[in-house]
Amino acid sequence: MINPYWELVIFLVMINVIFTLSLNLILGYNGQFSLGHAGFLAIGAYGSGVATTALGLPLFAGVLMSIACCIVAAVIVGYPCLRLGGDYLAIATLGFAEIIRIVLLALPEKTFGGATGMQNIHNIYDYLPVPAGAHNGIINLIFTIVFSVVFLALTIWGVFALGNFLNGVLQKRFGGNFWRYIVWAGFVVLIIANLSGTKGTASVSAKPGIAGYVMDIFQFSNAMKQPSLESRQWLVFLIYGLIVLAVNQLIRNFLNSVPGRGVVAIRENEIAATNLGINVFWLKLQNFMLGCAFAGLAGALLAHTIPLIKPIEFGFLKSVDVLLMVVLGGMGSMTGSFVGAVSISVLPEVLRGVGEWRMVLYSLVLILFMLFKPGGIFGTNELSDIFRLPWLKRGRDAEASDA
Amino acid sequence: MTDQSGNHHVDEGRKILSVEDLHVAYGAVKALRGISFSVKAGEIVTLIGANGAGKSTTMNCIMGLVKCQAGKIVFLDEDIANMHAFQIVRKGLSLSPEGRRLFLNLSVRENLEIGGLITLDKGKKQELLDEIFQLFPRVKERLTQIAGTLSGGEQQMVAISRAIMQNPDLLLLDEPSLGLAPNLVQEIFEKVQILNSEGKTILMVEQNAFQALRISHRAYCLEHGELNIKGTGAELLANPKIKEAYLGG
Ligand SMILES: Nc1ncnc2c1ncn2[C@@H]1O[C@H](COP(=O)(O)OP(=O)(O)OP(=O)(O)O)[C@@H](O)[C@H]1O
Ligand SMILES: [Mg+2]
């Protein structure tokens, strides 16, 4: 059983991934600056929150309501601004998010909670049936095994991929093969990471190294002890994971469709896109609506995940946060959104040890990125562009060879 | 001249585009002051003129990228003046614009695909691609290259190919030879002629008046937003005024 703290972190990471993907669709793939994306997250959160509590609707209706509200809001903001073009959308969304925040503060406290926030929203766990005890052992075990295997596979693949990437970069720069050194460097990093933990004393609690964190997350030793809670937790992970995958797949399909290609063409050169017969304004609006709809979904999930939603959490900082996730990962890269969202959501947790300095580190990392890799970690590349694995051969030019 | 006119398959002589008394102004600047001309099926028609005469304005206005204040643009019996570009493309016009306007960060293949995005279904796409590869073997070679890294001439070929990918009834070319070396200019005009002999109707704007006029069936000379001289390509080549102003005496 993953402890509640890390459980929440993982949920938030998954929600942030959806949120980041939604902004990436607008900013990365269409080139439209939305500086107030948190406003749509707020609409999503409060939409589903109010729908399920005050109106007493079921969960799916609440989520649909969030999405619908966000689409309507997107039309209201997008219709005039996208028509004008230029930076109007950035300014308007910035203002819009503030308006939403202030309106939420002013709305009746009984339903919307005012400044202290909405507390009585049903948690996602409230919607799950309590599983019968006898059943739990097996399901629990299966989930644990599947999750561990997937996690392990992803880790190994990720490490291999990172090494491959590094090797490629070094090869381009200096020539020759660097795998050997990368492996050694990896070992050194791992050892240091593990030694970095400290033992606890009576007054100071222990600070585990990386391995400690991993153990802390999964607590395999306890895996079989709390069957009922355990399998429910895995179930929620599974549901959220599936939603993330579904959003990912939907956006991918959209980008590969005719309008999706048009969206990218608009980013690349608006006049040329017009010239080629793309209805630029309408397509930008459609894309903005789609992006905001996914932001609404993220908001709805958020409302049913954290115990309390407050207007102040949907302020400018939240918008900047998600902007950073998109920019850091790479504007116009799905993989980048995943990496950006995960790293920026987890970074503060991992850096908790360095206290206030973490904001400095945070900024430093970003400045370094702006200087040396302004396109973000992935640029506009996907994993499949970087690693030519046979079953992933869907890179942008994969078809070209058989033309 | 018209030595290749025997090759035309389209019902020749039918006017597919006729521009009537077109006025365009950018604020106080009057770019076009009532020009009229027409293009018949199977022709190459060329507009020549000095810098700032209003040639690109004419092309952009036909494509719906620039609004006109008065006049008619009749394409296949329908007035398309001041329609949106996305509507006009669907009616069967496409423009290879001045300065190419490629998607510089995308590959050549992606550029071509976006060209055919709106107007083509899948089978037709491959057919047109094959046609393009035959016309410009260089484009096929460079299919996976990022368009921004192509040489100027290659970019021009891609721009024309991208316009062809829309499978237009009337192809507009705005300065196809812009910035090309003399031998490439020659080559581009040859390609234009081949395209035409395969049945494409072409309206072209050119600075290289001599070569453009040689392959044009008819031509117009635009001066300060007015069409003053018109005739067949050969007539304009022989016109003393044109000779002096555009052909270097
Ligand atoms: N967007 C614009 N705003 C204001 N004036 C413009 C605009 N576009 C063109 N003009 C003016 O309209 C006139 C015609 O321009 P146009 O681009 O049509 O010329 P052109 O014949 O294509 O010239 P060139 O041979 O140099 O390409 C010029 O005087 C130009 O300055
Ligand atoms: Mg011009």
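Note on numbering: residues in each chain are counted from 1, in written sequence order. Chain A is the first chain written and ligand 1 is the first ligand written, with later ones labelled in order. Confidence filtering applies because this is a predicted model: local features only for residues at pLDDT of at least 70, side-chain atom pairs given and counted only at 80 or more, and all residues used for totals across whole chains, interfaces and linings.

## Looking at the overall build of chain A
Helices and strands together make up the secondary structure of chain A, namely 16 helices and zero strands. Residues with at least 20 neighbouring C-beta atoms inside 10 Å of their own are called buried, those with 12 or fewer are called exposed, and the rest are partly exposed, where every C-beta is derived from the backbone. The 403 residues of chain A split such that 35% are buried. A pair of residues counts as a contact when their C-beta atoms, built from backbone coordinates, are separated by no more than 7 Å. Here the analysis covers contacts within chain A between residues at least 6 apart in sequence; of these, 74% occur between residues at least 24 apart. By definition, any uninterrupted DSSP run of H or I lasting at least four residues is a helix, any uninterrupted run of E lasting at least two residues is a strand, and each is numbered from the N terminus.

## Regarding the site of ligand 1
All names here are of chain B. Close contacts around ligand 1 come from Tyr 26, Val 29, Ala 31, Gly 49, Asn 51, Gly 52, Ala 53, Gly 54, Lys 55, Ser 56, Thr 57 and Glu 98, and that covers them all. Here the shell around ligand 1 takes three residues from helix 1 (residues 55-63), the largest share from any one element. For the shell around ligand 1, the residue count by class is four nonpolar, six polar and two charged. Near residues are defined by distance alone, with the backbone-placed C-beta atom required to lie within 6 Å of the molecule or strand. Lys, Arg, Asp and Glu make up the charged group, whereas Ala, Val, Leu, Ile, Met, Phe, Trp, Tyr, Cys and Pro make up the nonpolar group; the residues left over, Gly among them, are polar.

## Thoughts on the sheet that holds strand 1 (residues 15-26) of chain B
Residues and elements named next belong to chain B. Strands sit in the order 2-1-4-5 across an open sheet of four strands; the sheet is antiparallel. Edge positions in the sheet fall to strand 2 (29-40) and strand 5 (78-79), since each of these pairs with one other strand and no more. In this structure, strand 4 (residues 70-75) lies alongside strand 5, joined through two bridges in antiparallel fashion. Considered in strand 5, the bridge of Val 74 is made with Asp 79. Set on the sheet, helix 1 makes contact with strand 1, strand 2 and strand 4; between it and strand 2 the angle comes to about 70 degrees. Here the rule is simple: two strands pair whenever DSSP picks up at least two bridges between them. What counts as an axis is a line fitted to C-alpha atoms, over the stretch in contact for a helix, and the angles between N-to-C directions run from 0 to 180 degrees.

## Overview of the packing of helix 3 (residues 59-84) of chain A against helix 4 (residues 88-106) of chain A
Residues and elements named next belong to chain A. For the pair helix 3 and helix 4, the least separation of the axes is 8 Å and the interaxial angle reads 155 degrees. Taken together, the axes of helix 3 and helix 4 are roughly antiparallel relative to one another. The chirality of how helix 3 crosses helix 4 is right-handed. Two secondary-structure elements touch here, helix 3 through Val 77, Cys 81, Leu 82 and Leu 84 and helix 4 through Tyr 88, Leu 89, Ala 92, Thr 93 and Phe 96. Residue composition of the contact of helix 3 with helix 4, grouped by class: eight nonpolar, one polar and no charged. For this classification, under 35 degrees means roughly parallel, over 145 means roughly antiparallel, 65 to 115 means roughly perpendicular, and everything else is oblique. In this scheme the handedness of a crossing depends on how the near helix is turned from the far one: anticlockwise by less than a right angle means left-handed, clockwise means right-handed.

## Details of the confidence of the model for chain A
Residues and elements named next belong to chain A. Every residue carries a pLDDT, the predictor's confidence in it, which falls somewhere between 0 and 100. Taken over all residues, the pLDDT of chain A has a mean of 81, while the share at 70 or more is 80%. Within chain A, helix 8 (residues 210-218) has the poorest average pLDDT of any element, 54, and helix 12 (residues 280-303) the best, 96. Overall, residues 219-227 carries pLDDT values under 50, and its contacts beyond four positions in sequence, including any with other chains, amount to 13 contacts.

## Structural notes on the interface of chain A and chain B
Tallying the contact residues gives 18 residues for chain A and 23 residues for chain B. Taken together, the elements giving at least two residues each to the side of chain A that touches chain B come down to helix 10 (258-268) and helix 11 (270-275) of chain A. In terms of residue count, the dominant contributor to the side of chain A that touches chain B is helix 10 of chain A (five residues).

## What about unusual backbone geometry?
All names here are of chain B. A positive phi angle, close to 50 degrees, is found at Asp 21, a residue other than glycine. Inspection of the secondary structure puts Asp 21 in strand 1. Overall, Asp 21 belongs to the partly exposed group, with 13 C-beta atoms counted inside 10 Å. Its identity is not glycine, yet Arg 101 carries a phi of approximately 50 degrees, on the positive side.

## Observations concerning the sheet that holds strand 8 (residues 201-205) of chain B
Residues and elements named next belong to chain B. Overall, mixed pairing links the six strands, which are arranged 6-7-8-3-9-10 in an open sheet. Only two strands of the sheet have a single partner each, and these edge strands are strand 6 (93-96) and strand 10 (226-232). Each strand of the sheet is rotated relative to its neighbour by a mean of 15 degrees, with strand direction disregarded. Running at roughly 145 degrees to strand 7 (residues 170-174), helix 1 makes contact with strand 3 (44-49), strand 6, strand 7, strand 8 and strand 9 (218-223) of the sheet. Of the strands in this sheet, strand 3, strand 7 and strand 8 are in contact with helix 7 (residues 182-197), which crosses strand 8 at around 155 degrees.

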